[in-house]
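A closer look at the structure
For reference, the chains in residue letters:
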Amino acid sequence: MRARPVPAACPNFRRWLLVPVRLALAAVFIAASADKIVHPDRFADVVWDYQVLPMGLINLFAICLPWVELATAACLIAGVWLDAAGLLAAAMSLMFMVALGAALARGQDTMHCGCFSTAQEGVGDSLWGLLGRDIVVFAATVWLVREAFRDAASGTAASLAGE
Amino acid sequence: MALIANAVHPMGLPLLLGRVPHSGIPVWVWDEVAHVSAKAGHGAWHAGSAIILDARDRKDYAERHVPGAINLPYHDFTNAYATVKKKAPSEGHTLIYCYGSGCGLSMRLAKRLLALGYTDLNVLRGGFAAWRMAGYETIAGDKPAQAKEEADESASGPGSLP
């Protein structure tokens, strides 16, 4: 069976789709970082509740992660270092999935995720709901990374060919 | 950038745990709060000089708590504080406890109360576990008023207090 030829419009469509996806991801990461930057102590409390990091690393993690999220969002908006920003975004989504998985494995079904707010009031969010949301974000970051690397590879090939 | 922001932030955290053995607690908060033993806490309770706050969840409070302690669960702070603030004035001598030495809820609660203007905050070292280990009185029930009445009754009984 012969492979169907790729329509010429596809690369343009991909390029067009890349912009809203990276802007949406940037919005997610800006929203995620803002309250953590304002309340580093409360974010450290949220991280402690996940029970996946040793106590000695929690403060450092709580101080640095929001700024990494913000820097990632800035790169996504500016469209620079997209491959690195995409990889960081994917790594952060994956890390969050692991933390949620650990909480589920401990038998918890709700918790204060600390995703967009560091307030720890009420019963918290459903872990399955959070996991579903994170899977969507992770899928978007993986697609972004793939596209960024594809663009980088085609750019390298073009420059090698002297175009 | 992150480290600079942390250094100038009023709630900036120590990078390494040393003097402050729990994460999420700025050094000045740790220094502002006194850490008292179960014996000293019991002394304050016995003298009636302290407002005692239980930072644990409602279920655990209802199961067993220090007689007269008011439940102010950290995980429902905003709702609970609205009803608790009249009974626990900010200028009073306040003793906070949670589950045990590693739970950290007492210090978190103290952190929030400091921000609300509380000045004389004390955390029971070892929490409720240390209180029970020392053999001090505990009581069941979910209402502090009821607990206080029962505590007063038990306090008037012979040999009920050390």
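Bear in mind the structure is a predicted one, so any value in this text is a computation, not a measurement.

When its secondary structure is counted, chain A shows 5 helices and 2 strands. N-terminal to C-terminal, the α/β element order of chain A is α-α-α-α-β-β-α. Classification of the 163 residues of chain A by burial places 34% in the buried group. Long-range pairs, those at least 24 residues apart, make up 67% of the contacts in chain A between residues at least 6 apart in sequence.

This next bit is on helix 4 (residues 82–105) of chain A. Between its terminal C-alpha atoms helix 4 of chain A stretches 34 Å, which fits the 34 Å expected from 24 residues at 1.5 Å a residue. Phi turns positive, to about 95°, at G107 of chain A, one or two residues after helix 4 of chain A.

So, about the interface of chain A and chain B. Tallying the contact residues gives 19 residues for chain A and 23 residues for chain B. Among the elements of the structure, helix 2 (40–50) and helix 3 (55–78) of chain A are those that each provide at least two residues to the side of chain A that touches chain B. The element that contributes the greatest number of residues to the side of chain A that touches chain B is helix 3 of chain A, accounting for 9 residues. A per-class count over the side of chain A that touches chain B returns 11 nonpolar, 5 polar and 3 charged.

Another aspect to go through is the pairing of strand 4 (residues 94–97) of chain B. Residue and element names in this part refer to chain B. Of the two faces of strand 4, both are covered, the one formed by T94 and I96 as well as the one formed by L95 and Y97. Here strand 2 (residues 51–54) pairs with strand 4 via 4 bridges, running parallel. Bridge pairing in strand 4 links I51 to T94. Of the pairings in the sheet, the one linking strand 4 to strand 5 (residues 121–124) comprises 3 bridges and is parallel in character. Note on strand 5: the bridge partner recorded for T94 is L121. In terms of handedness, the path from strand 4 via helix 6 (residues 105–115) over to strand 5 forms a crossover that is right-handed.

Buried together is how nonpolar side chains tend to be arranged in soluble globular proteins. Residues and elements named next belong to chain A. L25, F29, V47, A62 and A89 are the most contacted members of the largest nonpolar core, which totals 37 residues. At the level of secondary structure, the elements contributing two or more residues to this core comprise helix 1 (10–38), helix 2, helix 3, helix 4 and helix 5 (127–160). For this core, the element with the highest residue contribution is helix 4, accounting for 10 residues. Beyond its immediate stretch of four places on either side in the chain, A89 contacts L25, F29, T72 and T141.

Moving on: the packing of helix 2 of chain A against helix 3 of chain A. Residues and elements named next belong to chain A. Two elements in contact, helix 2 and helix 3, have axes whose closest approach is 9 Å; the angle formed by their N-to-C orientations is 120°. Relative to helix 3, helix 2 is oriented oblique. At the point where helix 2 passes helix 3, the crossing takes the right-handed sense. For the pair helix 2 and helix 3, the contacting residues are P40, F43, A44, V47 and W48 in the first and I58, N59, F61, A62, I63 and P66 in the second. Per-class residue counts for the contact of helix 2 with helix 3 are 10 nonpolar, 1 polar and no charged.

In this section: the environment of A24 of chain A. Residue and element names in this part refer to chain A. On the secondary structure map, A24 appears in helix 1. Residue classification places A24 among the partly exposed residues on the basis of 13 C-beta atoms within 10 Å. Put simply, A24 and A73 are 49 residues apart on the chain and 9.5 Å apart in space, counted from C-alpha to C-alpha.

Quick look at the confidence of the model for chain A now. If pLDDT is low for a region, its predicted coordinates should not be looked at in detail. Counting all residues, the mean pLDDT for chain A is 86, and 87% of those residues have values of 70 or more. The secondary-structure element of chain A with the lowest mean pLDDT is strand 1 (residues 110–111) of chain A, recorded at 80, while helix 3 of chain A shows the highest, at 96.

Okay, the packing of helix 3 of chain A against helix 4 of chain A next. All names here are of chain A. Running from N to C, helix 3 and helix 4 point in directions that differ by 140°, and their axes come no closer than 9 Å. If you check the angle between helix 3 and helix 4, you find them oblique. Of the two elements, helix 3 crosses helix 4, and the hand of that crossing is left-handed. The segment helix 3 lies against helix 4, with V68, E69, T72, C75 and L76 engaging L82, A85, L88, A89 and M92. Classifying every residue of the contact of helix 3 with helix 4 gives 8 nonpolar, 1 polar and 1 charged.

Calculation criteria
- Within each chain, residue numbers correspond to sequence positions counted from 1 in written order.
- Just so you know, chain letters begin at A and ligand numbers begin at 1, following the order they were written in.
- The predicted origin of the model limits local features to residues at a pLDDT of at least 70 and limits the giving and counting of side-chain atom pairs to 80 or more, whereas totals for whole chains, interfaces and linings rest on all residues.
- Numbering of helices and strands starts at the N terminus; helices are DSSP runs of H or I of at least 4 residues and strands are runs of E of at least 2.
- Burial is judged by counting the other C-beta atoms within 10 Å of a residue's own C-beta: 20 or more makes it buried, 12 or fewer makes it exposed, and any count in between marks it as partly exposed, with every C-beta position built from the backbone.
- Here, residues touch in the contact sense if the C-beta positions derived from the backbone fall within 7 Å of one another.
- Residue count minus one, scaled by 1.5 Å, sets the expected span of a helix.
- In this classification, the charged set is Asp, Glu, Lys and Arg, the nonpolar set is Ala, Val, Leu, Ile, Met, Phe, Trp, Tyr, Cys and Pro, and all remaining amino acids, among them Gly, are polar.
- Any two strands with at least two DSSP bridges between them are considered paired.
- Seen with the strands pointing away from the viewer, any crossover whose path from the first strand over the helix to the second strand runs clockwise is right-handed.
- For the purposes of this analysis, a nonpolar core is taken to be any set of buried Ala, Val, Leu, Ile, Met, Phe, Trp, Tyr and Cys residues that are connected through C-beta atoms within 7 Å.
- In this description, a line fitted to the C-alpha atoms serves as the axis of each element, helices being fitted only across the stretch in contact, and the angle between N-to-C directions of two axes falls anywhere from 0 to 180 degrees.
- When describing relative orientation, an angle under 35 degrees is termed roughly parallel and one over 145 degrees roughly antiparallel, while 65 to 115 degrees is termed roughly perpendicular and anything else oblique.
- A clockwise turn of the near helix away from the far one marks a right-handed crossing, whereas an anticlockwise turn of less than a right angle marks a left-handed crossing.
- Values of pLDDT, ranging from 0 to 100, describe the predictor's confidence in every residue of the model.

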